[in-house]
Amino acid sequence: MSIDLSLLPPPTIIQDVSHDEIVARQQARFEQFWQAIRVANPSADLPAYDVSMLETDPAVISNQAESFRETLLRARINGAVRALLLAFARGSDLEHLAAFYDVYRMAGEDDDRFLVRIILGIQGRSTGGTEPRYRYVAMSADLSVQAAIVYRVRRSPLIHVAVYSTAPDGVASPALLAKVDAALQDPEVIMVNDTIVVASAVRKIVSLQADVWLLPDAPEDTLATAEANLRSAWSTNRALGRDLVETWWISKLMVGGVHRLAAVTSGDLIAEPHEAISIGTVKLNDRGRAF
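These numbers were taken from a predicted model, which means no experiment stands behind them. (Residues numbered from 1 in each chain as written. Predicted model: local features only at pLDDT ≥ 70, side-chain atom pairs only at ≥ 80, totals over all residues. Heavy atoms only, no water.)

Enquirer: Looking at this structure, I do not really get helix 8 (residues 246-253). What am I missing?
Expert: Residues spaced three or four apart along an α-helix point in a common direction, a consequence of the helix completing one turn every 3.6 residues. Considered for burial, the residues of helix 8 that qualify are W248, W249, I250 and L253. Contacts from the buried residues of helix 8 go to strand 4 (202-214), helix 7 (222-237), strand 5 (258-263) and strand 6 (276-289). (Buried < 20%, exposed > 50% of the residue type's maximum accessible area, 1.4 Å probe, protein only. Helix = DSSP H or I, 4+ residues; strand = E, 2+ residues; numbered from the N terminus. Contact = heavy atoms within 4.5 Å.)

Have a look at this one:
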């Protein structure tokens, strides 16, 4: 998203709720009123009263109950306000907000992806073939589109749409590319003077190699565990334009039982903003055990 909702300042309409502060406020107010009654009615000979002296006192019990009710009420009000803000709304609340912009949740779509499409839908409401509009259409074509980027190459008039898939390797299949292309080529979507080229965002499949020294008591499957940990971490962190940094992937191989690592594939692997890197083969050379 071109806007990060998490960076917005906290809305002032949402107030922190502290049960202890409410109880203390109510106690102070009760003591103030009680003292005013004593002053106004000296003949009544009312005793000084401290509501904190006895937890079983009716005034204390009433204060606790009323303070808890106020805490719940204020928390409910905060929740109602959050349900009206894109930064906080989730579930069906988010769907109602999106409907105002004519954006609807796709079957099986989670809140995070849905929120991205809502923002793109709002930003791309112009019919002028804007970048957010084309990204929104691409992501709305199929749930398998994890992300899409729209770009031009220098002064070329061609509009490139790079599709990043939810597949394990991130590569968009021909069927998925065809589906996205059909959505973008729709006469109601594409501008008459635009030429759109759709391709997979994953253009780099790299192989990694490292020398590994194991600890004396390392299990036999340590190398397999290290490779699995690296692939799992990259599957979670991989994104369009993210470089595969040497120190990062080496650190993911440092699982239990590994004593030392030395990268054979040296240097950072750079990705263009419209590219995503996928890991091909991982060769871990067992250099023996050391301590």
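There is more to say, and it comes next.
Enquirer: Would you mind going over the sheet that holds strand 3 (residues 195-200) with me for this structure?
Expert: Through backbone hydrogen bonds, the strands of a sheet pair up, either in parallel or in antiparallel fashion. Spatially, 1-2-3 is the arrangement adopted by the three strands of the open sheet, whose pairing is mixed. Whereas interior strands pair on both sides, the edge strands pair on one side only; in this sheet they are strand 1 (145-151) and strand 3. Pairs of neighbouring strands in the sheet enclose a mean axial angle of 25°, with direction left out of account. Sheet analysis places strand 1 next to strand 2 (residues 158-165), joined by six bridges and oriented antiparallel. Note on strand 2: the bridge partner recorded for A147 is Y164. With respect to the sheet, helix 5 (residues 131-141) is in contact with strand 1, strand 2 and strand 3, its orientation differing from that of strand 1 by roughly 150°. Set on the sheet, helix 6 (residues 174-184) makes contact with strand 1, strand 2 and strand 3; between it and strand 3 the angle comes to about 160°. (Pairing = 2+ DSSP bridges. Axes fitted to C-alpha atoms, helices over the stretch in contact; angles between N-to-C directions.)

Enquirer: What is the right way to read the sheet that holds strand 4 from this model?
Expert: Within the open sheet, the three strands sit side by side as 5-4-6. Their pairing is mixed. Looking at the sheet topology across the chains shown, the edges are occupied by strand 5 and strand 6. This sheet shows a mean twist of 30° between the axes of neighbouring strands, independent of strand direction. Helix 8 rests against strand 4, strand 5 and strand 6 of the sheet, and its axis sits at about 155° to strand 5.

Enquirer: Sorry, what's going on with the side chain of R135 here?
Expert: Among the structural elements, R135 can be located in helix 5. Here R135 is buried and forms no salt bridge, its nearest opposite-charge partner E131 lying at an N-O distance of 4.4 Å. Among the polar contacts made by the side chain of R135, one reaches the main-chain carbonyl oxygen of A148 at a distance of 3.2 Å. (Lys, Arg positive; Asp, Glu negative; His and termini not counted. Salt bridge = Lys/Arg side-chain N within 4 Å of Asp/Glu carboxyl O. Polar contact = N/O pair within 3.5 Å; in protein donor to acceptor, adjacent residues only side chain to side chain.)

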